[in-house]
2 protein chains.
Amino acid sequence: MLQKEKPTIMDIAHMSGLSKGTVDRVLHNRGEVSRKSYDKVMSVIKELGYEPNVFASALARGVSPRIAVLIPEYGPGSYWELALMGIGKASDTIGPLGVDTELFQYNPSDAASFQDACNRLLASSPSGVVVAPMFRLGVQMLTAELRRKSIPYVFFDTKQDDEGYLAYFGLPEYKSGYLCADQLTIDRSASEVLVVRIKRDPFRQSDPTIIRRAGFLDYMHEHYPDCTVRSLFIDPDDPVRTDQELNSFFEAFPGTTHVAMFNSRIYLIAPWLERHPAQVRRVVGFDNLTANLNALSRGTVSALIAQHPDEQVAMGIQALFDFIVLGKKPLRRDNYMHMDILTRYNIESY
Amino acid sequence: MLQKEKPTIMDIAHMSGLSKGTVDRVLHNRGEVSRKSYDKVMSVIKELGYEPNVFASALARGVSPRIAVLIPEYGPGSYWELALMGIGKASDTIGPLGVDTELFQYNPSDAASFQDACNRLLASSPSGVVVAPMFRLGVQMLTAELRRKSIPYVFFDTKQDDEGYLAYFGLPEYKSGYLCADQLTIDRSASEVLVVRIKRDPFRQSDPTIIRRAGFLDYMHEHYPDCTVRSLFIDPDDPVRTDQELNSFFEAFPGTTHVAMFNSRIYLIAPWLERHPAQVRRVVGFDNLTANLNALSRGTVSALIAQHPDEQVAMGIQALFDFIVLGKKPLRRDNYMHMDILTRYNIESY
DNA sequence: ATTTTTTCCGTTACCGTGCACGGAATTCAA
DNA sequence: TTGAATTCCGTGCACGGTAACGGAAAAAAT
């Protein structure tokens, strides 16, 4: 199928007996065109299969979008650091096309800090925004303002009730809990299971682990109704205390052979597990943090379910780029991305 | 970090007291510039941190690259059909940027057909080529010709000894065999294992399953030295015969509880397995063909290891685009992509 | 010293769109 | 019927870079 010369806006102008100015007005339907001319131009466009030259268009418009990304502050090796890598990846792809990405961060345990970040973000008046919603109310205010300024925004990681978002990139949370249970019990020997959970500050509004837990429990109920599932709450900032908690738990329930966590902090219990190698048969957690990958390659953790926040932000940025620069809406609004099963034998390819 | 006005080629011309023609000659170093002027321009470029506007550049050059893809003919639901979907995906992304992709196919069991496809491809004089090497000799001739015409090309799926390829996208084959063994024996109950293999025509030159098999056997030897691994060869075009072969195999070795295949054809033995549900505990194969996914969701197949040829071609096309249009070489030449573990609980996200 | 060649550089016409501006044609008001 | 207000449309420049063309200056040949 040979591709002949692409028709230009001038071809259309000639064929419809009008000028390129009129054609341009039709293309961006900004009025000032008679019904007759409009129809004529439209028919010619369809006939020739005209497609605008994005290079010329972008050049003429002088686009140089700045895309703002709003995520929590992160420590080294944390979940959000992965997201940051995605920003870098996206910058590499579309950076040469004149796109700048700007990062705004906040303290996840301080609503005022979030407000502050929002204000700074809005003050920079970006062309598009990528957000990981954490404070429901704060995000609502932010998106309302963005809509008012008609700045497109996408969500990733967590979705939020909202009308105007351009796209969402995240995980099917319920399914991920289900999958977690399957990976945990794949050796068919589970009878007593421990789920380690984090003591959450009550202000935390959107917690994906709640839904994951639901999927996990449903799986267990369906496949292993006789299996006992127990919870243990730990404080992520107090390793000594965590150690004690684990000690006393396994003292009370020595038959526990399988351990799962629904957040990215499985590395917190890796030290204990390594000091008691005979106790546990399978351990499953979430997310490919460096610490988790280390535990995985040492065999302490059996499997990780990875959601690749880097890909999520990258796709979010890409979607904004397509929309702003190329004028293309995303194919799907809600994009549930793949969850990958990581074992010690396939981590190297990540 | 506010981004001020990007310097243009004119800014550089002014600052160096020369004209934009000279600056352009320096930028594309095509000579006709005195040493003195060259140095002057270069220093100004560095000083201002000049970066060319790709939109203007592409527009002026009138780029409309045609990228040729060379793969075998495929039946519906086959491995190569997945690759084709990647072409569609890539077209969606860079199609609006004026890129055309053209497909060339050949009969994988007919070397003459391959030659023919190569000739047609060369005759179309594309701006870049994506190849899945199958006939070693034929590919060598093709790439030699491409190098002569200085047309960039990338490999995917299989790599080939070759000097001039721009990039390669594929799977770490050895590791994939290792991973396959791990997934097969994850229930720790394997003592007799069956590996189903395809009777290959001898002309077939590059067969990734050989290396996969090596990885598989190494894993088994390391982790389950007492486990017996047997092979059974089947003819992919003769389902009746396959059925008989399986019957007599399991009659001879009724203790066989685990089955693996190293190619994408695990669906071939799914019917037999479904008629003998009690016989086998775990079944592991490769690649997310529709037929395989069906078997997976029915529970006939326990896990699939997917290499996503669609992503591989898409990245190949992307790499060519970056190189041709944006003038960017790929970061890495050999790109070993992730292998994903698919179970019935995470297939929906793919 | 004059002609020829070479080296080097500026000028200029695009590439295809976007958009401001101004003017012609039409309609409305008086 | 005339002036004003709309409606509608064409013209022309800008965007930043590419590359052909031609000419001035310097070097080489006569």
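Computed from a predicted structure; not experimentally measured. (Residues numbered from 1 in each chain as written. Chains lettered and ligands numbered in written order. Predicted model: local features only at pLDDT ≥ 70, side-chain atom pairs only at ≥ 80, totals over all residues. Heavy atoms only, no water.)

## Considering the protein's contact with DNA strand C
Next, step 1: With respect to spatial proximity, 26 residues lie near DNA strand C, and among them A:Ile9, A:Lys20, A:Tyr50, B:Thr22 and B:Ser37 are the closest.
Next, step 2: Counting only atoms of DNA strand C within 4 Å of the protein, the sugar-phosphate share comes to 58%.
Next, step 3: Contacts to DNA strand C include A:His28, whose side-chain N or O atom sits 2.9 Å from a phosphate oxygen.
Next, step 4: The separation between a phosphate oxygen of DNA strand C and a polar side-chain atom of B:Ser37 is 2.3 Å.
Next, step 5: A class-by-class count of the residues in the surface near DNA strand C yields nine nonpolar, 10 polar and seven charged. (Near = heavy atom within 4 Å. Polar contact = N/O pair within 3.5 Å; in protein donor to acceptor, adjacent residues only side chain to side chain. Nonpolar A, V, L, I, M, F, W, Y, C, P; charged D, E, K, R; others polar.)

## Things to note about the packing of helix α8 (residues 173–184) of chain A against helix α9 (residues 208–223) of chain A
Residues and elements named next belong to chain A.
Next, step 1: Interhelical geometry of α8 versus α9 gives an angle of 45 degrees and a closest axis separation of 6 Å. When the axes of α8 and α9 are compared, the pair comes out oblique. For the pair α8 and α9, the crossing hand works out as right-handed. Taking contact as the criterion, the partners of Glu173, Tyr174, Ser176, Gly177, Tyr178, Cys180, Ala181, Asp182 and Leu184 in α8 are, on α9, Pro208, Ile211, Arg212, Ala214, Gly215, Phe216, Asp218, Tyr219, Met220, Glu222 and His223. (Axes fitted to C-alpha atoms, helices over the stretch in contact; angles between N-to-C directions. Helix = DSSP H or I, 4+ residues; strand = E, 2+ residues; numbered from the N terminus. Parallel < 35°, antiparallel > 145°, perpendicular 65-115°, else oblique. Left-handed = near helix turned anticlockwise from the far one by under 90°. Contact = heavy atoms within 4.5 Å.)

## A word on the packing of aromatic side chains
Next, step 1: Counted by the stated rule, this structure contains 33 aromatic pairs over all chains.
Next, step 2: Ring centres 6.1 Å apart and planes at 80 degrees place the aromatic pair B:Trp80 and B:Phe156 in the edge-to-face group. Of the two residues, B:Trp80 sits in helix α5 (residues 79–94) while B:Phe156 sits in strand β4 (residues 153–157), which places them 76 residues apart along the sequence.
Next, step 3: Both rings, one in B:Phe249 and one in B:Phe253, keep their centres 5.0 Å apart while their planes meet at 50 degrees; by these two values the pair is tilted.
Next, step 4: Judged by its relative accessible area of 7%, B:Phe249 falls in the buried class.
Next, step 5: Looking at B:Phe253, the relative accessible area reads 29%, which means it is partly exposed.
Next, step 6: Feature note: the residues A:Tyr174, A:Tyr178, A:Tyr219 and B:Tyr345 constitute an aromatic cluster, connected by ring pairs.
Next, step 7: If you follow B:Lys175 out to its NZ or CZ, it ends over the ring of B:Tyr178, 5.8 Å from the centre.
Next, step 8: The cationic tip of B:Arg333 hangs over the ring face of B:Tyr165; the distance from NZ or CZ to the ring centre is 4.0 Å. (Phe/Tyr/Trp six-rings, centres within 6.5 Å; stacked < 30°, edge-to-face > 60°. Buried < 20%, exposed > 50% of the residue type's maximum accessible area, 1.4 Å probe, protein only. Lys NZ or Arg CZ within 6 Å of the ring centre and 35° of its normal.)

## Overview of the protein's contact with DNA strand D
Next, step 1: Within the structure, DNA strand D sits among 26 residues, and A:Thr22, A:Ser37, B:Ile9, B:Asp24 and B:Tyr50 are positioned closest to it.
Next, step 2: Among the atoms of DNA strand D lying within 4 Å of the protein, the sugar-phosphate backbone contributes 59%.
Next, step 3: Separating a phosphate oxygen of DNA strand D from a side-chain N or O atom of A:Thr22 is a distance of 2.7 Å.
Next, step 4: Within the backbone of B:Ala56, a nitrogen or oxygen atom sits 3.4 Å from a base nitrogen of DNA strand D.
Next, step 5: The residue inventory of the surface near DNA strand D, partitioned by class, reads nine nonpolar, 10 polar and seven charged.

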